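Descriptive structure summary
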Amino acid sequence: MSWSGWTQEKLLEQAAEAMKRAYVPYSKFRVGAALLDADGRVHYGCNVENAAYSPSNCAERTALFRAIADGHAARSFQVMAVIGDTPQPITPCGVCRQVISELCSPEMPVVMGNLQGDIRVTTVAELLPGAFGPSDVEYGKKD
Ligand SMILES: [Zn+2]
């Protein structure tokens, strides 16, 4: 499969480049993400840690927040690739699954990889079944 000429392998290579930029003085655990926008351009993300720990941000959310800040519309993205040094293809954490489900379309593919070249592809909907979303907030608004 390819998106704007990008294959899952090429996107994982881009994610691996972003992984090198991770700021991880505490965990030493690097993660990289590559988010492809509707125009076929890649937005990079890496994890960024903090001495206070809880302000740390994952690679997936870094890529999404950068793209949103750069003016790209929510749910306009084509695919996200994520890579880490894990025995199996890395999977997004629960917090990132929630953010991905809000900012990406349910059918958007998520390509997960590791440094050994293992790849697993899933979709946003499969990553977070029954996701809490914008329609839940609207429904709950009562005057
Ligand atoms: Zn995460």
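Treat the numbers as computed from the prediction; the structure is a model and nothing was measured.

Points about the overall build of the protein chain
Helix and strand counts for the protein chain stand at five helices and seven strands. If you list the helices and strands of the protein chain from N to C, you get β-β-α-β-β-α-β-α-β-β-α-α. By the compact-globule yardstick of 15 Å for 143 residues, the protein chain fits well, its C-alpha radius of gyration being 15 Å. With respect to the principal axes defined by its C-alpha atoms, the protein chain has extents near 50 × 40 × 30 Å. Sorting the 143 residues of the protein chain into buried and exposed places 35% on the buried side. Sequence-distant contacts, at least 24 apart, represent 60% of the contacts inside the protein chain between residues at least 6 apart.

A short note on the packing of helix α2 (residues 59–69) against helix α3 (residues 94–103)
Close contact between α2 and α3 brings their axes to 9 Å; oriented N to C, the two are set at 30°. It follows that α2 is roughly parallel to α3 by the angle criterion. In the packing of α2 onto α3, the handedness of the crossing is left-handed. Contacts between α2 and α3 involve Glu-60, Arg-61, Leu-64 and Ile-68 from the former and Cys-96, Val-99, Ile-100 and Leu-103 from the latter. Residues belonging to the contact of α2 with α3 are distributed by class as follows: six nonpolar, no polar and two charged.

Rules used throughout
In this convention, every chain numbers its residues from 1, walking through the sequence in written order. Given that this is a predicted model, residues contribute local features only at a pLDDT of at least 70 and side-chain atom pairs are listed and counted only at 80 or more, while totals for whole chains, interfaces and linings are drawn from all residues. Every helix listed is a DSSP run of H or I at least four residues long, and every strand listed is a run of E at least two residues long, numbered separately from the N terminus. Atoms counted for the radius of gyration: C-alpha only. Globule rule: 2.2 Å times the number of residues to the power 0.38. With C-beta atoms placed from the backbone, a residue is buried if 20 or more other C-beta atoms are within 10 Å of its own, exposed if 12 or fewer are, and partly exposed between those counts. Here contacts are defined at the residue level, using C-beta atoms placed from the backbone and a cut-off of 7 Å between them. The axes used here are C-alpha line fits, helices contributing only the stretch in contact, and every angle between their N-to-C directions lies in the interval 0 to 180 degrees. These descriptions rest on fixed angle ranges, namely under 35 degrees for roughly parallel, over 145 for roughly antiparallel, 65 to 115 for roughly perpendicular, and the rest for oblique. For any helix crossing, the convention is left-handed if the near helix is rotated counterclockwise from the far helix by under a right angle, and right-handed if that rotation is clockwise. Each residue is assigned to one class: nonpolar for Ala, Val, Leu, Ile, Met, Phe, Trp, Tyr, Cys and Pro, charged for Asp, Glu, Lys and Arg, and polar for all the others, Gly among them.

Everything listed here is a matter of geometry and, on its own, says nothing about what the molecule does.
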